[in-house]
Amino acid sequence: MLFCKSMAGKKPFSVVQINSLRWPADIQIPNGRFRLFVAADVTGLSTKLISEFAVAALKSGMVYFCAWGPGCERFHDIVDEVVVEDEIGQRLFTGKNESDTIMTTWHCGEPLGEALDFFANLTCPTMGFEANSNFWVAVSLTDAAWTHEIQERLEQANLPVGDWPPHVR
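Since the model is a prediction, treat every value here as computed from it, not as a measurement.

**Topic: the overall build of the protein**
For the protein, the count of helices and strands is 5 helices and 6 strands. Reading the helices (α) and strands (β) of the protein from amino to carboxyl end gives β-β-β-α-β-α-β-α-α-β-α. Residues counted as buried form 47% of the 169 residues belonging to the protein. Sequence separation of 24 or more characterises 79% of the internal contacts of the protein that already satisfy a separation of 6 or more. Of the accessible surface of the protein, which amounts to about 8,200 Å², a share of 51% is contributed by carbon and sulfur atoms.

As structure tokens, this is what we get:
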């Protein structure tokens, strides 16, 4: 695992390059909740491996998930399945309100930069997950060029510090 740069304290994000789809245990989330972007080719990865990654991210505080890269629709669907199974079962990943849910998106066919713009500017957790979710984590699976572009885009993004965005009522 390679931590490219942690901006905690300066800007509210971390970019991580990993060599296999395993949740990076060393990552520190300052406020307990975060929005997650994963750039990966998951076409050859097992459903079990992707599910384990999703569970670990959820246990670490993920409240919004964006998938990009080959197989991102499947990645998204597996994360959704993990969330739905939890909602009808143990309910480990619940918000303050019954209507709260972990939000997920996939960005198939979009350039990486567009998907990152969405991630930086438009990810908004549901009301019960909003508080303390002002940290963005971007993960790149094995691709140094993706990692570099992610780092540059997030450094240029106007990511606010503090509870953001205010919930529209």
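**Here's the deal with the nonpolar core**
Grouped together as the largest cluster of nonpolar side chains are 33 residues, with contacts concentrated most on Leu 36, Met 62 and Phe 75. Every element with two or more residues in this core is listed here: β2 (13–18), β3 (34–39), α1 (47–60), β4 (62–68), α2 (72–88) and β6 (136–141). Non-local contacts of Met 62, meaning those with residues more than four positions away in its chain, are made with Phe 34, Leu 36, Ala 57, Val 79 and Ile 102. Of all hydrophobic cores here, the second largest spans 19 residues; its members include Tyr 64, Cys 66, Leu 116 and Phe 119.

**Quick look at the environment of Asn 132**
Tracing the backbone shows Asn 132 in the loop between α4 (127–130) and β6. For the pair Asn 132 and Phe 34, spaced 98 residues apart in sequence, the C-alpha to C-alpha distance is 7.9 Å.

**Some points on the pairing of β6**
In terms of residue burial, β6 counts as a mostly covered element, since 6 of its 6 residues are buried. Residues Trp 136, Ala 138 and Ser 140 point to one face of β6 and Val 137, Val 139 and Leu 141 to the other, with burial holding for every one of them. Here β2 pairs with β6 via 6 bridges, running parallel. Residue pairing in the sheet places Val 16 in a bridge with Val 139 of β6.

**Details of a negative patch on the surface**
The grouping of Glu 73, Asp 77, Glu 81 and Glu 85 at the surface amounts to a negative patch. Position of Glu 85 relative to the elements: it lies in helix α2. Glu 85 sits in the exposed class, given a relative accessible area of 54%.

**Some details on α2**
Taking 1.5 Å of rise per residue, the 17 residues of α2 would be expected to cover 24 Å, and the 24 Å separating its terminal C-alpha atoms lies within 8% of that figure. Among the residues of α2, Cys 72, Phe 75, His 76, Ile 78, Val 79, Val 82, Val 83 and Asp 86 are the ones counted as buried. For α2, the buried positions fall inside an angular range of 165 degrees around the axis, keeping them on one side. Exposed side chains of α2 directed beyond 90 degrees from the buried face belong to Glu 85 and Ile 88. The elements touched by buried residues of α2 are β3, α1, β4 and β5 (103–106).

Rules behind the numbers
Residues numbered from 1 in each chain as written. Predicted model: local features only at pLDDT ≥ 70, side-chain atom pairs only at ≥ 80, totals over all residues. Heavy atoms only, no water. Helix = DSSP H or I, 4+ residues; strand = E, 2+ residues; numbered from the N terminus. Buried < 20%, exposed > 50% of the residue type's maximum accessible area, 1.4 Å probe, protein only. Contact = heavy atoms within 4.5 Å. Areas by Shrake-Rupley, 256 points an atom, 1.4 Å probe, with all protein chains shown as cover. Core = buried A, V, L, I, M, F, W, Y, C linked by side-chain atoms within 4.5 Å. Pairing = 2+ DSSP bridges. Patch = residues over 30% accessible without salt bridge, like charges linked within 9 Å, V, L, I, M, F, W, Y side chains within 5 Å. Salt bridge = Lys/Arg side-chain N within 4 Å of Asp/Glu carboxyl O. Lys, Arg positive; Asp, Glu negative; His and termini not counted. Charge placed at Lys NZ, Arg CZ, Asp CG, Glu CD. Expected span 1.5 Å × (residues − 1). Arc of directions from axis to C-beta.

So, to be careful, I would describe these as geometric facts and stop short of saying anything about function.
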